[in-house]
Amino acid sequence: QVQLVESGGGLEQAGGSLRLSCAASGRTFSSRAMGWFRQAPGKEREFVAAINWNGSFTTYADSVKGRFTISRDNAKNMVYLQMNSLKPEDTAVYLCAAAFAAGLNSRTSGYEFWGQGTQVTVSS
């Protein structure tokens, strides 16, 4: 079992930055890939970024590539999402997720545990 709690969301102006954090509990955290997803009102949940079990590989959605950076600290059971050059279209609830396996995955079906999410609102 892995429990996930996100924090760091809020209201930011376009062009600004936010850093999301995901605190994980559970013995299997360090052996799982982790991901960030987001969901805007009336839209499907979409992939944002993922990182493999030891942080050596990452992948991003095209819409955030070059602006967002995912990282993890297995010693602290933490995952982060640094978001720069924010745009109004980044507005959504951001969710942290723990994958079934150690390798990268961009599909929601590849993730076993989910946090409750943190709201990010970007004003123009």
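What counts as what
Residues numbered from 1 in each chain as written. Predicted model: local features only at pLDDT ≥ 70, side-chain atom pairs only at ≥ 80, totals over all residues. Heavy atoms only, no water. Buried < 20%, exposed > 50% of the residue type's maximum accessible area, 1.4 Å probe, protein only. Helix = DSSP H or I, 4+ residues; strand = E, 2+ residues; numbered from the N terminus. Pairing = 2+ DSSP bridges. Salt bridge = Lys/Arg side-chain N within 4 Å of Asp/Glu carboxyl O. Contact = heavy atoms within 4.5 Å. Disulfide = S-S within 2.5 Å.

Asks: Mind showing me how you'd approach the pairing of strand β5 (residues 46–51) here?
Replies: The side chains of a regular strand alternate between the sheet's two faces. Burial runs high along β5: five of the six residues are buried. A loop of six residues connects strand β4 (residues 34–39) with β5, the two strands running antiparallel in sequence, and G42 in this loop sits at a positive phi of about 75°. Where β5 lies against strand β6 (residues 58–60), three bridges are found, and the strand directions are antiparallel. Paired with A50 across the bridge in β6 is T59.

Asks: Explain the pattern of salt bridges here, please?
Replies: Side-chain pairs of opposite charge can arise where the charged atoms are in close proximity. Summed over the entire model, instances satisfying the criterion amount to five salt bridges. As a salt-bridge pair, R38 and E46 come within 2.6 Å of each other at their nearest N and O atoms. E46 sits in the partly exposed class, given a relative accessible area of 35%. Residue D90 is joined to R38 by a salt bridge in which the shortest nitrogen-to-oxygen separation is 2.9 Å. Here D90, found in the loop between β8 (78–83) and β9 (92–99), pairs with R38, found in strand β4; they are 52 residues apart in sequence, far enough to count as distant. Just as D90 is buried, R38 falls in that class too.

Asks: Can you help me understand the environment of F47 in this one?
Replies: Inspection of the secondary structure assignment puts F47 in strand β5. On the basis of relative accessibility, which here comes to 15%, the residue F47 falls in the buried class. For the pair F47 and D62, spaced 15 residues apart in sequence, the C-alpha separation works out to 9.9 Å. For F47, the residues in contact, after removing those within four places along its chain, are W36, F37, T59, Y60, A61, N105 and S106.

Asks: Is there a simple way to think about the state of the cysteines in this case?
Replies: Simply put, disulfide is the name for a covalent bond between the sulfur atoms of two cysteines. Using the criterion set out here, one finds one disulfide in the structure. The disulfide that involves C22 links it to C96, with 2.1 Å between the sulfurs. Residues C22 and C96 share a disulfide whose torsion about the S-S bond is about -80°; that sign makes it left-handed. Taken together, the residues C22 in strand β3 (residues 18–25) and C96 in strand β9 connect sequence positions 74 residues apart. The exposure classification of C22 matches that of C96, with both residues buried.

By themselves, these observations are geometric and do not establish any function.
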